[in-house]
Amino acid sequence: MMRLAIGIFALFYVIFPVGTVQADSGWTDYGYVEELNPTGQHYYSVRLNVQHNPSGCKDTKWFYQDYEVPGSNKMFLILLEALKENRQVRVYVTGGCNLHDQSGFSSVSLIRN
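None of these values were measured; they are calculated from a predicted model.

Draft legend 1. Up close: the overall build of the protein chain. For the protein chain, the count of helices and strands is two helices and seven strands. Across the 113 residues in the protein chain, those meeting the buried criterion constitute 35%. Accessible surface, the protein chain as shown: approximately 7,200 Å² in total, 58% of it carbon and sulfur.

Draft legend 2. Focus on the state of the cysteines. Evaluation of the coordinates by the stated rule reveals one disulfide. C57 shares a disulfide with C97; S-S distance 1.9 Å. When the S-S torsion is -90°, as for the bridge of C57 with C97, the disulfide is left-handed. Of this pair, C57 sits in the loop between strand 4 (43-49) and strand 5 (62-66) while C97 sits in strand 6 (residues 88-97), and the two are 40 residues apart along the sequence. This pair shows no difference in class: C57 is buried, exactly as C97 is.

Draft legend 3. Structural context of the pattern of salt bridges. Enumeration according to the criterion identifies three salt bridges in this entry. The salt bridge involving E34 is made with R47; its shortest N-O contact spans 2.9 Å. With E34 in strand 3 (residues 31-38) and R47 in strand 4, this residue pair connects regions lying 13 residues apart in the sequence. Owing to a relative accessible area of 37%, E34 belongs among the partly exposed residues under this scheme. Looking at R47, the relative accessible area reads 26%, which means it is partly exposed. Ionic pairing is found between E35 and R47, a salt bridge with its closest N-O pair at 3.1 Å. Of this pair, E35 sits in strand 3 while R47 sits in strand 4, and the two are 12 residues apart along the sequence. Take E35: its relative accessible area is 32%, and that puts it in the partly exposed class. Through salt bridges that share partners, E34, E35 and R47 make up one connected network.

Draft legend 4. Structural detail: the side chain of S109. You can see S109 is positioned in strand 7 (residues 103-110). The buried category is assigned to S109, whose relative accessible area is 16%. Within polar-contact distance, the side chain of S109 engages the side chain of Y30 at 3.2 Å. Once residues within four sequence positions are removed from consideration, S109 is found in contact with W27, Y30, Q88, V89 and R90.

Parameters at a glance
- Residues numbered from 1 in each chain as written.
- Predicted model: local features only at pLDDT ≥ 70, side-chain atom pairs only at ≥ 80, totals over all residues.
- Heavy atoms only, no water.
- Helix = DSSP H or I, 4+ residues; strand = E, 2+ residues; numbered from the N terminus.
- Buried < 20%, exposed > 50% of the residue type's maximum accessible area, 1.4 Å probe, protein only.
- Areas by Shrake-Rupley, 256 points an atom, 1.4 Å probe, with all protein chains shown as cover.
- Disulfide = S-S within 2.5 Å.
- Salt bridge = Lys/Arg side-chain N within 4 Å of Asp/Glu carboxyl O.
- Polar contact = N/O pair within 3.5 Å; in protein donor to acceptor, adjacent residues only side chain to side chain.
- Contact = heavy atoms within 4.5 Å.

Remember that the coordinates give geometry; whether it matters functionally is a separate question.
Okay, structure coming up:
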């Protein structure tokens, strides 16, 4: 009976994966912030005009970050400043893809144009 329960759970997990999918990590190239979307959920998202996204997630322009990540408020403010001032940024993708297939990130870098 226990084997059957474990088998059903494993099959369910394969058919309906929960959470994030693991991909590659690394820096994107620099690009402009096209949209910044704070949400009422547990994360905010940002659309960047980048050509290189090493994550492997299907959506190559959208990135997300959980509000619980240390420093996420500072990174959000950098992204907001980049949007207001039309400055370029890059993000370090963690290799995690969310259910919308957006890339998770853990760092932001801002350059002078």
